[in-house]
Amino acid sequence: MKADNPTALLKRFAPDLEKTSKLGVAWIIFCVLLVLLGIFALITQITRGHIVTGMRDNVVWGIYIVNFIFFMGISYAGALISGTLHLFRSDWRKPIIRMAEFLTIFSLLIGPLYIMLCVGRLDKLHYLVIFGRIQSPITWDVIAISTDIIGCFLFLYLALLRDFARLRDYPDLKVAKWRKKLYRWLAIYWKDTPEQRRRLERSTDIMAGMVIAIAIIVYSVLAWIFSVTLQPGWHSTIFGPYFVIAAVYSGTAVLIVIMWIYRKIYKLEDLITRKHFVNIGVVMLVLGAFFGYFTFSEYLTKWYGSEKNDEQLISILFDRYYWLFLFSNYAGVLVPLIVVGLPKLRTIRWITLAAVVVIVALWINRYLIVVPTLETPYLPVQDARDAWVHYRGTWVEWVLTIGGIGSLCLFFTIGSKMVPIIPLSVVEDDKKID
Amino acid sequence: MKKLLKYFALFLLLSNIPGNNLLAQEEMIEPAILLEYKNVMNYGKEVTAKIYFRDDEGFHFLPDLAIQFYSIGEEEERLLGEVLTDADGIAQFVISNDYKLPKDPDGFFTIRAVFEGNNLYAYYEDEFSFKDIVLEMDLNEIDSVRTISLLAYERDSLDNKIAVEEADVYIQVPRMFTNLTVSEEYLEAGELEYEFTVKISGDSSGKIGLIAFIPEHELYGNVEIRSHANWGVPFHAHLRETFGRQLWTPVAPLWMIITLIILLAGVWGHYIYSIIQLSLIGKAGKKMLNNK
């Protein structure tokens, strides 16, 4: 089935939209269970307080903030990739652009929840808005993330509009009435007139540019939360671009894994080919090289400067976190470089495996940015218990992490049950658009 | 030969297993104690013991070790107390001025610091002997000249005052991190008069601390007396009444607010434009539907 025939594509995807296989139902139940498990851990944390986490007075941030950075990172990567692919109108983007859009919005819905888990008094969360100070990077982050969520929703809606209209107008689609109504409502009288096309194209172009810009700004703001403090390992001028590069790098890897999963589930071998994996793999390679360069530059200057606390931090990284540091900053950079760099290894399976390594490495990278720094205070901590000085994630934190991953999987599953994972409208000839 | 090789391989294997005690010869580490003494007239004798050992990697100061301090007399050995070393390997013990230490016929008292040893570190002890001294300091303004008068003497067995023959004396003023030496003087026949003409910042009323310090005297060790007087230059911090717009003030710096407004207006302006376009798309479709 050719990719440039939207009706044929819709016909192909219609059974998946109409019914869910037994395996599909089992998968959804599994994801829901993960989410419920996360809710149980959340209730435990709310009822018993933050004592159930590994966070203490000294190390005040842990796995939650790492998850926050990670999910926000892959969200911005999705925005950057989908926005760039849209603006460049590259032909090969068509089958993967929806996945990038989904990645943006779904991870953006999950990421901020983790920052709320770090807050001890959620009942006073609204004070952040009422008494928020513009000078505080936390306030910048609240403003930036909320602006970003709205922008990404708008961009996703613009991208989905024509598909909603197609789903509304497809007579053979046997879905529940509420879904038909929903498609009709979301399609807002789209009739594919030249005027509508022109307006939609203009809005989508603008929003594509905006999501790219916002992604860079928001992730830089997130980096500044760390870098404007004087903590060893955080106070760095390159943290903004370093975070942006790391975000896009990890997001690209997640996108590759998503492509691989959807390709297997929906048997999209004819639509998502080796070419797509290689192209995105090359993007990952370039980003990996940049990430490696930034990481090396960051640690070299700290090591060479030999400032007391930086030296202490580096000695912790090369002692207690030696293997994690090695995996994160060496394997995480070299594996994709080797896999995508060597033509013999440039296969779908190897590129996906390299992407998995990158995902794990980049998660650990964020952990190594957050935790060892907090374990390196300026004032010496004396006569303190080990748990106060060193951080170890508890089951509550790990279960909530798994709950987040379960939520992402569930959102993707529901998303691809509502609209085809391959955008119907994008496969139409772009030249039709004025 | 085969057997020999086998035993040799086994030896190599066993000797390389981490934590293997079969062949490893456990050796006790021999520490050392750096003993320091300062007789502060204001409260007593400070005895500081710093325990450490040295290897190829440098000095290692040993925390949480018990150091015992003894006073050694002619016929008796009196335990004064026991102190645990801190994170820097330091154990400090203060002997009050009221406490009478046993002395030898020449008037010397001896303090010994002892580390009993444990399964890791070997026994070590060190000691010193000094004589008691009395150092008195008077602060007077003689003919409008600020003068520090020092009197240093020791007492014999009959409680007679015997003037200290000679000693170096540093006149110091305590600052934030260390004591600032403002003059190095020489005390003769137990007396010294020093005219304090130094201009140095004090607190808001000009109050400063004053120290007379005899460093490393062969008979008396380090000796110190502290006092204070309003001889400094009064310091008044000239704080601005209003801070304006700063990071720490309730109102943010203007540039920050302007940047934020421009950014938000730019972004939200585009959002609104896109939403308007969406609404026009809907209207155009509805109009078309109605026309049909």
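Residues numbered from 1 in each chain as written. Chains lettered and ligands numbered in written order. Predicted model: local features only at pLDDT ≥ 70, side-chain atom pairs only at ≥ 80, totals over all residues.

A. View of the overall build of chain B. A tally of regular secondary structure across chain B gives 2 helices and 16 strands. Within chain B, the proportion of its 292 residues that are buried is 17%. For chain B, the proportion of contacts with a sequence separation of at least 24, taken over those separated by at least 6, is 51%. (Helix = DSSP H or I, 4+ residues; strand = E, 2+ residues; numbered from the N terminus. Buried ≥ 20, exposed ≤ 12 C-beta atoms within 10 Å, placed from the backbone. Contact = placed C-beta atoms within 7 Å.)

B. Seen up close, the overall build of chain A. A tally of helices and strands in chain A yields 15 helices and 0 strands. Against the globule reference of 22 Å for 434 residues, chain A gives a C-alpha radius of gyration of 23 Å, in line with a compact fold. Its C-alpha atoms give chain A principal-axis dimensions of roughly 75 × 50 × 45 Å. Here chain A, with 434 residues, has 43% of them falling under the buried criterion. Long-range contacts, defined here as pairs at least 24 residues apart, represent 82% of the contacts in chain A between residues at least 6 apart. (Rg over C-alpha atoms; globule rule 2.2 N^0.38 Å.)

C. Region of interest: the confidence of the model for chain B. Residues and elements named next belong to chain B. Confidence in the prediction of chain B, expressed as mean pLDDT, is 88, and 89% of residues score 70 or more. Of the regions scoring below 50 in pLDDT, residues 18-24 engages in 5 contacts with residues more than four places distant in sequence or in other chains. Here the complex is predicted with pTM 0.70, and the ipTM for its interfaces comes to 0.87. (pLDDT = per-residue confidence, 0-100.)

D. Expanded view of the interface of chain B and chain A. Across the boundary between the two partners, chain B contributes 21 residues, which contact 24 residues of chain A. Along the lines of polarity and charge, the residues of the side of chain B that touches chain A split into 15 nonpolar, 5 polar and 1 charged. (Nonpolar A, V, L, I, M, F, W, Y, C, P; charged D, E, K, R; others polar.)

E. Representation of the environment of A:T352. Residues and elements named next belong to chain A. With respect to the helices, strands and loops of the structure, T352 is situated in helix 13 (residues 348-374). The spacing of T352 and T20 is 332 residues in sequence and 26 Å in space, taken between C-alpha atoms. Beyond its immediate sequence surroundings of up to four residues, T352 is in contact with I256, V257 and W260.

F. Quick look at the environment of B:Y153. All names here are of chain B. Relative to the helices and strands, Y153 is located in strand 10 (residues 145-155). Under the C-beta neighbour-count criterion, Y153 is labelled partly exposed, with 16 such atoms within 10 Å. Along the chain, Y153 and E57 lie 96 residues apart, while their C-alpha atoms are 46 Å from each other. Those residues in contact with Y153 that lie beyond four places of it in its chain are V134, K161, I162, A163, V164 and G190.

G. View of helix 10 (residues 274-305) of chain A. Residue and element names in this part refer to chain A. The end-to-end C-alpha distance of helix 10, which contains 32 residues, comes to 45 Å, matching closely the 46 Å that a straight helix rising 1.5 Å per residue would cover. Elements that come into contact with the buried residues of helix 10 comprise helix 9 (239-265), helix 11 (308-317), helix 12 (322-341) and helix 13. The first or second residue beyond helix 10 is S306, which carries a positive phi of 55 degrees. (Expected span 1.5 Å × (residues − 1).)

H. The arrangement of the nonpolar core in detail. Counting 125 residues, the largest nonpolar core has A:M99, A:V211, A:Y219, A:Y249, A:L255 and A:M284 as the members making the most contacts within it. Excluding its chain neighbours within four sequence positions, the residues that come into contact with A:Y249 are A:M284, A:L287, A:G288, A:F291, A:V358 and A:L362. Counting residues in hydrophobic clusters, the runner-up holds 21 residues, among them B:L135, B:A167, B:I171 and B:I214. (Core = buried A, V, L, I, M, F, W, Y, C linked by C-beta atoms within 7 Å.)

I. Region of interest: the sheet that holds strand 5 (residues 77-84) of chain B. Residue and element names in this part refer to chain B. In space, the 4 strands of this open sheet follow the order 5-4-7-8, with antiparallel pairing throughout. Each edge of the open sheet is held by one strand with a lone partner, namely strand 5 and strand 8 (124-131). If you compare each strand with its neighbour and ignore which way they point, the axes differ by 20 degrees on average. The sheet contact formed by strand 4 (residues 66-72) and strand 5 spans 7 bridges and is antiparallel. Counterpart to A66 in the pairing with strand 5 is L84. (Pairing = 2+ DSSP bridges. Axes fitted to C-alpha atoms, helices over the stretch in contact; angles between N-to-C directions.)

J. Local environment of unusual backbone geometry. Residues and elements named next belong to chain A. Positive phi outside glycine occurs at Y189, with the angle close to 60 degrees. Here Y189 lies in the loop between helix 7 (177-186) and helix 8 (194-227). Residue classification places Y189 among the partly exposed residues on the basis of 19 C-beta atoms within 10 Å. Positioned with a positive phi, D192 is a non-glycine residue whose angle comes to about 60 degrees. Inspection of the secondary structure puts D192 in the loop between helix 7 and helix 8.

K. The arrangement of the pairing of strand 3 (residues 58-61) of chain B in detail. Residues and elements named next belong to chain B. Strand direction decides the pairing type here: strand 2 (residues 44-55) and strand 3, joined by 4 bridges, are antiparallel. Paired with R54 across the strands is F59, a residue of strand 3. Adjacent in sequence and paired antiparallel, strand 2 and strand 3 are bridged by 2 residues.

L. Region of the structure containing the confidence of the model for chain A. Scored by pLDDT, chain A comes out at a mean of 89, with 95% of its residues at no less than 70. Here residues 429-434 of chain A is a poorly scored stretch, pLDDT under 50, and it has 7 contacts once near neighbours within four places are set aside; other chains count.

M. Layout of the pairing of strand 7 (residues 108-115) of chain B. Residue and element names in this part refer to chain B. Pairing between strand 4 and strand 7: 6 bridges, direction antiparallel. Counted as the bridge partner of Y70 is R112 from strand 7. Here 8 bridges tie strand 7 to strand 8, and the two strands are oriented antiparallel to one another. In the sheet register, F108 faces strand 8, and the bridge partner there is K131.

N. A look at the environment of A:L408. Residue and element names in this part refer to chain A. Tracing the backbone shows L408 in helix 15 (residues 395-418). A C-alpha to C-alpha distance of 15 Å links L408 and Y76, two positions 332 residues apart in sequence. Each residue touching L408, except ones within four places of it in the same chain, is listed here: F106, S107 and I110.

O. Structural view of the domain arrangement of chain B. Residues and elements named next belong to chain B. By the assigned domains, chain B splits into domain 1 (27-131) and domain 2 (134-229). For domain 1 and domain 2, the distance between their C-alpha centres works out to 27 Å. Within the residue set of the side of domain 1 that touches domain 2, elements represented by two or more residues are strand 1 (32-40) and strand 8. Broken down by element, the side of domain 1 that touches domain 2 gets its largest block of residues, 4 residues, from strand 1. Looking at the side of domain 1 that touches domain 2, its residues break down into 4 nonpolar, 2 polar and 2 charged. (Domains from an automatic or database assignment.)

P. Here's a closer look at the packing of helix 9 of chain A against helix 10 of chain A. Residue and element names in this part refer to chain A. At a closest axis distance of 9 Å, the pairing of helix 9 and helix 10 adopts a crossing angle of 150 degrees. With respect to their mutual orientation, helix 9 and helix 10 come out roughly antiparallel. Regarding helix 9 and helix 10, the two cross each other, and that crossing is left-handed. Only H276, F277, I280, G281, V283, M284, L287, G288, F290, F291, F294 and E298 of helix 10 make contact with helix 9, whose side of the interface consists of Y242, I245, A246, V248, Y249, T252, A253, L255, I256 and M259. The residue inventory of the contact of helix 9 with helix 10, partitioned by class, reads 17 nonpolar, 4 polar and 1 charged. (Parallel < 35°, antiparallel > 145°, perpendicular 65-115°, else oblique. Left-handed = near helix turned anticlockwise from the far one by under 90°.)

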